[in-house]
Amino acid sequence: MKRHEFLRELHKVTANRNYLEIGVNDGRSLTLSRVPSIAVDPAFKVVTEIKCDVHLVKATSDDFFARDNPLQYLRGGRHPLRNLRRGRSPIGYWRRTTLDLAFIDGMHLFEFALRDFINIEKHADWASVIVFDDMLPRSIDEAARDRHTTAWTGDVYKVIEILTRYRPDLELVLVDTQPTGQLVIFGADPKSTVLKDKYDEIMAEFEVPDPQKVPEAVLERVKAVKPETLMGADFWRPMVRARNRGLSRARGWKALSSALEPYAVSR
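These figures come from a predicted structure and were not determined experimentally.

### Topic: the overall build of the chain
Move 1: Secondary structure assignment for the chain yields 12 helices and seven strands.
Move 2: Its C-alpha atoms give the chain a radius of gyration of 18 Å, within 12% of the compact-globule value 18 Å for 267 residues.
Move 3: Overall size of the chain, expressed as C-alpha extent along the three principal axes, is 55 × 40 × 35 Å.
Move 4: Classification of the 267 residues of the chain by burial places 53% in the buried group.
Move 5: Sequence separation of 24 or more characterises 65% of the internal contacts of the chain that already satisfy a separation of 6 or more.
Move 6: In the form shown here, the chain has an accessible surface area of approximately 12,800 Å², with 52% of it arising from carbon and sulfur atoms.

Here it is in structure tokens:
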């Protein structure tokens, strides 16, 4: 399954009510959304028809998240009926905006992807689904920090080890999509500051010159599950029901975490 096919299926199984995309490029992934969306890219060049209510932001993701209320567009206004007509919660103006689905496909260096996750997690919850693209490079050259190939993943694959080590409370699922794999994160905790607190320590260890020492397990996709297997899992509907009911982390996360164990990187 190709990555855009997988994203299309994710939009279906998550029944997401909103969507955030970091890295728009020509809009091929954004065109899959049918819900209120925000798309961020400092140099987007959308050439495909967009079929959702979208706020295109021409900025770096760091600058976007530095704004006072970056998700204001998803929140809606004070008028309940107008919010409903625009696909938003009628009382969204008075509630915290929580992301249902986010896609990180910005700058292909691990520190950029990591910062995007840190910032997205502040606006997420345990039932949010956060997806990283280009997590399974096919060669050491493709994984270089300094791009010298046509196809390029950069070293964002390092996020797998970083999150596994520093955030064992999350569930990470590697997905064997074409061409370069994806990583799906469950269990976001907006109260966590671990990654922010350890950012300098992480940079000191993981920012190294080329060539990168890409683990064989990454190159061989050892821990990656077939996208069809993940899409066919039976946890999606209960997760969506719990999310839409506003079930707290204390009441909902344990069951979801257990259901994810057969697919997780830690299995």
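### So, the pairing of strand β1 (residues 19-22)
Looking down a regular strand, the side chains alternate between one sheet face and the other.
Move 1: Both faces of β1 are covered, namely the face carrying Tyr19 and Glu21 and the face carrying Leu20 and Ile22.
Move 2: Both β1 and strand β2 (residues 37-40) contribute to a ladder of four bridges, which runs parallel. Looking at the pairing, tyrosine 19 lines up with serine 37 of β2.
Move 3: The pairing of β1 with strand β4 (residues 101-104) spans four bridges and is parallel. Counted as the bridge partner of isoleucine 22 is isoleucine 104 from β4.

### Considering a positive patch on the surface
Move 1: On the surface, a cluster of positive charge is made up of Arg237, Arg241, Arg245 and Arg251.
Move 2: Top contributing element to the positive patch by residue count: helix α11 (residues 236-245), with three residues.
Move 3: For arginine 237, the location among the structural elements is in helix α11.

### Overview of the nonpolar core
Move 1: Ranked by internal contacts, the top residues of the largest apolar core, which has 48 residues, are Leu20, Phe132 and Leu163.
Move 2: Considering each element in turn, this core owes the most residues, six residues, to helix α5 (residues 110-121).
Move 3: In this structure, leucine 163 is in contact with Leu114, Phe117, Phe132, Pro168, Leu170, Leu172, Ile185 and Leu195, ignoring residues within four places of it in sequence.
Move 4: By size, the runner-up hydrophobic cluster in this structure holds 35 residues, among which are Val35, Val173, Met231 and Trp236.

### Looking at the packing of aromatic side chains
Move 1: In total, this model carries seven aromatic pairs according to the counting rule given.
Move 2: Between phenylalanine 64 and phenylalanine 65, the aromatic rings sit 5.0 Å apart at their centres with planes inclined by 65°, giving edge-to-face as the arrangement.
Move 3: Given the relative accessible area of 11%, phenylalanine 65 is considered buried.
Move 4: The interplanar angle of 55° and the centroid separation of 6.2 Å between the aromatic rings of phenylalanine 110 and phenylalanine 206 together place this pair among those described as tilted. Remark: phenylalanine 206 occurs in helix α8 (residues 199-206) and phenylalanine 110 occurs in helix α5; sequence separation between them is 96 residues. Summarising the burial analysis for this pair, phenylalanine 110 and phenylalanine 206 share the class buried.

### Focus on the pairing of β4
Move 1: Of the two faces of β4, both are covered, the one formed by Leu101 and Phe103 as well as the one formed by Ala102 and Ile104.
Move 2: Looking at chain direction, β4 and strand β5 (residues 129-133) are connected through four bridges and run parallel. Residue pairing across strands places isoleucine 104 opposite phenylalanine 132, the latter belonging to β5.
Move 3: Read from β4 through α5 to β5, the crossover connection turns out right-handed.

### Things to note about the packing of helix α6 (residues 158-166) against α8
Move 1: Interhelical geometry of α6 versus α8 gives an angle of 135° and a closest axis separation of 12 Å. Here α6 lies oblique to α8, going by the angle between them. Here α6 runs over α8; the crossing is right-handed. Packed against α6, whose contacting residues are Lys158, Glu161, Ile162, Arg165 and Tyr166, the element α8 presents Glu201, Ile202, Glu205 and Phe206 at the interface.
Move 2: The class makeup of the residues in the contact of α6 with α8 is four nonpolar, no polar and five charged.

Cut-offs and rules
- Residues numbered from 1 in each chain as written.
- Predicted model: local features only at pLDDT ≥ 70, side-chain atom pairs only at ≥ 80, totals over all residues.
- Heavy atoms only, no water.
- Helix = DSSP H or I, 4+ residues; strand = E, 2+ residues; numbered from the N terminus.
- Rg over C-alpha atoms; globule rule 2.2 N^0.38 Å.
- Buried < 20%, exposed > 50% of the residue type's maximum accessible area, 1.4 Å probe, protein only.
- Contact = heavy atoms within 4.5 Å.
- Areas by Shrake-Rupley, 256 points an atom, 1.4 Å probe, with all protein chains shown as cover.
- Pairing = 2+ DSSP bridges.
- Patch = residues over 30% accessible without salt bridge, like charges linked within 9 Å, V, L, I, M, F, W, Y side chains within 5 Å.
- Salt bridge = Lys/Arg side-chain N within 4 Å of Asp/Glu carboxyl O.
- Lys, Arg positive; Asp, Glu negative; His and termini not counted.
- Charge placed at Lys NZ, Arg CZ, Asp CG, Glu CD.
- Core = buried A, V, L, I, M, F, W, Y, C linked by side-chain atoms within 4.5 Å.
- Phe/Tyr/Trp six-rings, centres within 6.5 Å; stacked < 30°, edge-to-face > 60°.
- Right-handed = clockwise from strand over helix to strand, strands pointing away.
- Axes fitted to C-alpha atoms, helices over the stretch in contact; angles between N-to-C directions.
- Parallel < 35°, antiparallel > 145°, perpendicular 65-115°, else oblique.
- Left-handed = near helix turned anticlockwise from the far one by under 90°.
- Nonpolar A, V, L, I, M, F, W, Y, C, P; charged D, E, K, R; others polar.

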